[in-house]
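One-letter residues, chain by chain:
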Amino acid sequence: MQIKEIIVVEGKDDTAKIKQAVAADTIETNGSAVNQKTIDLIKHAQEKRGVIIFTDPDYPGQRIRHIVSQSVPGCKHAFLTKEEARAKRDKGIGIEHASVDAIRDALGAVYELTEVQPIAITKEDLIALGLVGGPQAKTRREKLSQKLRIGYTNGKQLLNRLHMFQISKDQLAKEMSGIFQEEQNES
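Owing to the predicted nature of the structure, the values given are computational and were not obtained by experimental measurement.

Peer 1: Looking at this model, I keep getting lost on helix H3 (residues 59-71). Mind explaining?
Peer 2: Count 3.6 residues to each turn of an α-helix, and residues three or four apart come out pointing the same way. Here H3 is 13 residues long and its end C-alpha atoms lie 18 Å apart, about the 18 Å a rise of 1.5 Å per residue gives. Within the span of H3, buried status applies to Gly-61, Ile-64, Arg-65, Val-68 and Ser-69. Taken down its axis, H3 places every buried residue within 120° of arc, on the same side. Exposed positions of H3 whose direction lies more than 90 degrees from the buried face are Tyr-59 and Gln-70. Residues of H3 that are buried in the fold lie against helix H2 (36-48), strand E3 (51-53) and strand E4 (76-77).

So, in structure tokens, the structure goes:
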């Protein structure tokens, strides 16, 4: 699998793991204090080939994703779930711990941010689906985030992510139907 865009990762271990999974070039941020030199390099990469931001599913990874996407508009995003990125024996979370298949799946399901356009999904829809404010809300958000590959979100972030990645009301309803079916099968 050849990736045209340059992939922004956190460190050299992430680069090594990605190169096991796909043929791609990377830019390493070397931590969550992304410096201006790195931002300039990412801007140049975006102009020439495009950029995919692929950071760890933890707070520092989210922080880097936010800094880069604010500084370099038009980046694409790839996500791993925490389970996919968890090290053996629970010794950390990171892309370097993910399987080659999980990395390929994440890079095959890349999202491109677009200008937020009004989409039919509302906060009331999320409440009605039990994604916000209910006893199972966190678990349902985790399952939905995994199915849509949009990264874990809290209640406030979910609506924004659904809009940013242009998830339709129909797509949301389809995924939630599957989640409700799983819940029924478990009980």
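Peer 1: Would you take a moment to explain the pairing of strand E1 (residues 2-9) for this structure?
Peer 2: The side chains of a regular strand alternate, first on one face of the sheet and then on the other. Of all eight residues in E1, six are buried, a share of seventy percent or more. Each parallel crossover has a hand, and the one from E1 via helix H1 (residues 12-21) to strand E2 (residues 23-28) is right-handed. Bridge count between E1 and E3: three bridges; the pairing is parallel. Bridge assignment links Ile-6 to a residue of E3, and that residue is Val-51.

Peer 1: Where do I start with unusual backbone geometry in this structure?
Peer 2: In most cases, non-glycine residues show a negative phi, while peptide bonds are predominantly trans. If you check the backbone angles, Arg-149 has positive phi at about 55° while not being a glycine. By the secondary structure assignment, Arg-149 is in the loop between helix H7 (137-148) and helix H8 (155-164). In this structure, Gln-166 is a non-glycine residue whose phi angle is positive, near 50°. Take Gln-166: it is sitting in the loop between H8 and helix H9 (169-186). The exposure class of Gln-166 is partly exposed, given its relative accessible area of 38%.

About the cut-offs
Each chain has its residues counted from 1, following the order in which its sequence is written. Where local features are concerned, this predicted model is filtered to residues with pLDDT of at least 70; where side-chain atom pairs are given and counted, the filter is 80 or more; whole-chain, interface and lining totals use all residues. Calculated side-chain values reflect all of the structure's heavy atoms, with hydrogen atoms and water omitted. Numbering of helices and strands starts at the N terminus; helices are DSSP runs of H or I of at least 4 residues and strands are runs of E of at least 2. Multiplying one less than the number of residues by 1.5 Å gives the expected span of a helix. Only protein chains enter the accessibility calculation, which uses a 1.4 Å probe; a residue is then buried when its area is under 20% of its type maximum, exposed when over 50%, and partly exposed in between. Within this analysis, the arc is defined by the directions that extend from the helix axis to the C-beta atoms. Residue contacts are counted whenever heavy atoms from the two residues lie within 4.5 Å of one another. A clockwise path from the first strand over the helix to the second, with the strands pointing away from the viewer, defines a right-handed crossover. Note on pairing: two strands pair once DSSP finds at least 2 bridges between them.

What is shown is where atoms sit, not what they do.
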